[in-house]
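Breakdown of the fold
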Amino acid sequence: MNHIEIAPNIYWVGYVDWDVRNFHGYRTQRGTSYNAYLIVDEKVALIDAVKPGKGRSLLEHIAEVIDPKKIAYIISNHTEPDHSGEIQKVLDQAPQAVVVASEKGKIGLQKYYPGNWNFQVVKTGDSIHLGKHLLQFINTPMLHWPDSMFTYLPAQKLLFSMDAFGQHYATSGRFDTQVDMDVLMAEAKTYYANIIMHLGSIVSKTLKQAQSLEIETICPSHGVIWTEHRSRILSAYQGWAEFRARPKILVIYDSMWHSTEQMADVLADAACAAGAEVKVLKLDVNDLTSLVTEVLDAAAVAVGSPTLNSNMMPTVAAFLTYLKGLKSKGKLGVAFGSYGWSGGAVEQAAECLQQAGLEMFGETISCQYRPDEETLRKCRLLGTQLAEQVIKKTK
Amino acid sequence: MGKYRCLLCGYIYDPKAGDPDNGVEPGTPFSELPDDWTCPECGAGKDEFEAV
């Protein structure tokens, strides 16, 4: 994609990655972009760089606007290599440029890159004058790394928000007004669920902090720039940070010989009949990225696992490990499954759900080999009661 | 004197060790950390910590 002037003398010079489908385990079904921005003034600043290997495109985009030698500052809002990976390549062209980062950012960049970079450490309240453009810095630790910071341009009412408000969404348009809003919000939700869900308290604090800023444009490090629809993403973040839930029950399971599958179906049908929104998600056909996106606004998660070699099925264990790290709040958990001779998986799943912060609802249900009528009755009852509870809870 | 874990990044505050880099003497209980003390790893406030 070509460079584009997004505001007077402010350019998008990043890279649109149409092909990436696995971003450190996150399934990026629509690709992504690594957004770098160039501010041309008496002094020239580059805001972030791009993923390793995409530096040629970055430098070409910069060179279409100015001579890269003129870059005075490289602002590193976030240390992660998809934004810092090609800073060295820019420094090769502009060796005098100062790398501006938070204190943690400097530490991280020094660990990642051996070069003897000229750093300027900034913190909340610090600013840099480029000429007409004033850059103000706001530390946003753990949104989503310790080094993270925002760069704000008060005169332009423009916020460079690094990964916050981002989306893994490769597009030819650079603005929210140029894409399908439903797809954009779905990708923003997937991004939040997988990258930011566990940091809800920090998101709420940051949103409160941001209320004091006049913001008309939000430029994230991935995906499109928020302009007309900025209030939509800000209010969506507020709702996600508070874990606002729908009366939605997820039945997430794997199965070896259809027994746990039968239990899942019976529980799901009963919950559906009782009026809940239900999604039945088998682990061998659903990726973790989409599963935790469903978790974000679900009221309950019912997990089914057969016992395999005295343990949960690895697919179930992987999902629960991922879920544990994302620390969802206010959700109910249910565990069920079948076993052959010695069980264990259902109890392990229940323990994992509790460790993940879910409140267990009802008794766990286990059965040997095949669910008999009594087991299926229990599954039906649990599905019905769970549905009644989530409907009550989300009213 | 109990240890406390940062809920955001996992850092553990050990009162025996304190946080000398940030002026907290070894032997300082979590409850006696200054109100403006923040997690040395990620900057989270004291309210983001839980007892281990």
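Residues numbered from 1 in each chain as written. Chains lettered and ligands numbered in written order. Predicted model: local features only at pLDDT ≥ 70, side-chain atom pairs only at ≥ 80, totals over all residues. Heavy atoms only, no water.

1. Thoughts on the overall build of chain A
- Helix and strand counts for chain A stand at 12 helices and 24 strands.
- Expressed along its principal axes, the backbone C-alpha trace of chain A runs to roughly 80 × 40 × 35 Å.
- Looking at chain A residue by residue over its 395 residues, the buried ones come to 57%.
- Taking contacts inside chain A between residues at least 6 apart in sequence as the whole, the part at least 24 apart equals 71%. (Helix = DSSP H or I, 4+ residues; strand = E, 2+ residues; numbered from the N terminus. Buried < 20%, exposed > 50% of the residue type's maximum accessible area, 1.4 Å probe, protein only. Contact = heavy atoms within 4.5 Å.)

2. Focus: the overall build of chain B
- Along the backbone of chain B there are zero helices and three strands.
- Along chain B, helices and strands appear, N-terminal first, in the series β-β-β.
- Here chain B has a C-alpha radius of gyration of 10 Å; the compact-globule value for 52 residues is 10 Å, and the two agree.
- Oriented by its inertia axes, the alpha-carbon framework of chain B measures out at about 25 × 20 × 15 Å.
- Taken over 52 residues, chain B has a buried fraction of 40%.
- Sequence separation of 24 or more characterises 43% of the internal contacts of chain B that already satisfy a separation of 6 or more.
- If you sum the accessible surface of chain B, you get close to 3,000 Å²; carbon and sulfur atoms cover 45% of it.
- Computed over 4 positive and 11 negative side-chain charges, the separation of the two mean positions in chain B equals 10 Å. (Rg over C-alpha atoms; globule rule 2.2 N^0.38 Å. Areas by Shrake-Rupley, 256 points an atom, 1.4 Å probe, with all protein chains shown as cover. Lys, Arg positive; Asp, Glu negative; His and termini not counted. Charge placed at Lys NZ, Arg CZ, Asp CG, Glu CD.)

3. A look at the interface of chain B and chain A
- Counting residues at the interface gives 10 residues for chain B, matched by 10 residues for chain A.
- Counting the surface chain B buries against chain A, the share from its top three residues, Leu 8, Cys 42 and Glu 48 of chain B, is 58%.
- Applying the counting rule to chain B against chain A returns four residue pairs in polar contact (both at pLDDT 80 or more). (Buried area = accessible area lost by both parts, 1.4 Å probe. Polar contact = N/O pair within 3.5 Å; in protein donor to acceptor, adjacent residues only side chain to side chain.)

4. Focus: the domain arrangement of chain A
Residues and elements named next belong to chain A.
- For chain A, the assigned domains read domain 1 (4-241) and domain 2 (249-389).
- Here the C-alpha centroids of domain 1 and domain 2 sit 38 Å apart.
- Facing the 11 residues of domain 1 at the interface are 12 residues of domain 2.
- A salt bridge links Asp 297 to Lys 189; the shortest N-O distance between them is 2.9 Å.
- Counting across the domain 1 and domain 2 interface gives six residue pairs in polar contact (both at pLDDT 80 or more).
- For the side of domain 1 that touches domain 2, the secondary structure elements donating two or more residues are β5 (26-27) and α5 (181-196).
- Element by element, the count of residues in the side of domain 1 that touches domain 2 is highest for α5, at five residues.
- Taken together, the residues of the side of domain 1 that touches domain 2 sort by class into five nonpolar, four polar and two charged. (Domains from an automatic or database assignment. Salt bridge = Lys/Arg side-chain N within 4 Å of Asp/Glu carboxyl O. Nonpolar A, V, L, I, M, F, W, Y, C, P; charged D, E, K, R; others polar.)

5. A short note on the sheet that holds strand β2 (residues 12-13) of chain B
Residue and element names in this part refer to chain B.
- The strand order across the open sheet formed by three strands is β2-β1-β3, and the pairing between neighbours is antiparallel. At either margin of the open sheet sits one strand with a lone partner, and together these are β2 and β3 (49-51).
- Across three bridges, strand β1 (residues 4-6) lies against β3 in antiparallel orientation. Within β3, the position partnered with Arg 5 by the bridge is Glu 50. (Pairing = 2+ DSSP bridges.)

6. Overview of the pairing of strand β15 (residues 158-162) of chain A
Residue and element names in this part refer to chain A.
- Among the five residues of β15, five are classified as buried, and the element is accordingly described as predominantly covered.
- Burial along β15 is two-sided: Leu 158, Phe 160 and Met 162 and Leu 159 and Ser 161, pointing in opposite directions, are all buried.
- As consecutive antiparallel partners, strand β14 (residues 149-153) and β15 are separated by four residues, and within that stretch Lys 157 has a phi angle of approximately 55°, a positive value.
- Looking at chain direction, β15 and strand β16 (residues 217-220) are connected through four bridges and run parallel. By the bridge assignment for β16, Leu 158 is matched with Thr 217.

7. Considerations on the packing of α5 of chain A against helix α9 (residues 288-296) of chain A
Residue and element names in this part refer to chain A.
- Where α5 contacts α9, the axes come no closer than 8 Å and their chain directions differ by 95°. Taken together, the axes of α5 and α9 are roughly perpendicular relative to one another. Contact residues: α5 offers Lys 189, Thr 190, Tyr 192, Ala 193 and Asn 194, while α9 offers Leu 288, Thr 289, Val 292, Thr 293 and Leu 296.
- The residue makeup of the contact of α5 with α9, split by class, is five nonpolar, four polar and one charged. (Axes fitted to C-alpha atoms, helices over the stretch in contact; angles between N-to-C directions. Parallel < 35°, antiparallel > 145°, perpendicular 65-115°, else oblique.)

8. Considerations on the nonpolar core
Residues and elements named next belong to chain A.
- Leu 38, Leu 46, Ile 71, Phe 319 and Leu 320 are the most contacted members of the largest nonpolar core, which has 106 residues in total.
- Tallying contributions element by element places α5 first for this core, with 10 residues.
- Here this core gathers at least three residues from each of two domains, domain 1 (4-241) and domain 2 (249-389).
- Counting residues in hydrophobic clusters, the runner-up holds 26 residues, among them Ala 7, Trp 12, Val 100 and Ala 170. (Core = buried A, V, L, I, M, F, W, Y, C linked by side-chain atoms within 4.5 Å.)

9. Comments concerning the sheet that holds strand β10 (residues 98-101) of chain A
Residues and elements named next belong to chain A.
- Reading across the sheet, the seven strands line up as β1-β2-β7-β8-β9-β10-β11 and stay open at both edges, with mixed pairing between neighbours. The open sheet has two edge strands, β1 (4-7) and β11 (119-121), and neither has a second partner. The sheet shows a mean angle of 25° between the axes of neighbouring strands, taken without regard to direction.
- Note: strand β2 (residues 10-12) against strand β7 (residues 37-39), three bridges, orientation antiparallel. Pairing of Tyr 11 across the sheet is with Leu 38, part of β7.

10. Some details on the environment of Met 142 of chain A
- Among the structural elements, Met 142 of chain A can be located in the loop between β13 (134-139) and β14.
- Excluding residues that lie within four positions of it along the chain, Met 142 of chain A makes contacts with Leu 199 and Ile 202 of chain A together with Leu 8, Cys 9 and Cys 42 of chain B.

11. Description of the packing of aromatic side chains
- This structure, assessed with the given rule, holds 17 aromatic pairs over all chains.
- Between the aromatic rings of Tyr 113 of chain A and Trp 117 of chain A, the centroid separation amounts to 5.3 Å while the plane-to-plane angle is 15°, which identifies the pairing as stacked. Just as Tyr 113 of chain A is buried, Trp 117 of chain A falls in that class too.
- Between the aromatic rings of Phe 30 of chain B and Phe 49 of chain B, the centroid separation amounts to 5.4 Å while the plane-to-plane angle is 40°, which identifies the pairing as tilted. (Phe/Tyr/Trp six-rings, centres within 6.5 Å; stacked < 30°, edge-to-face > 60°.)

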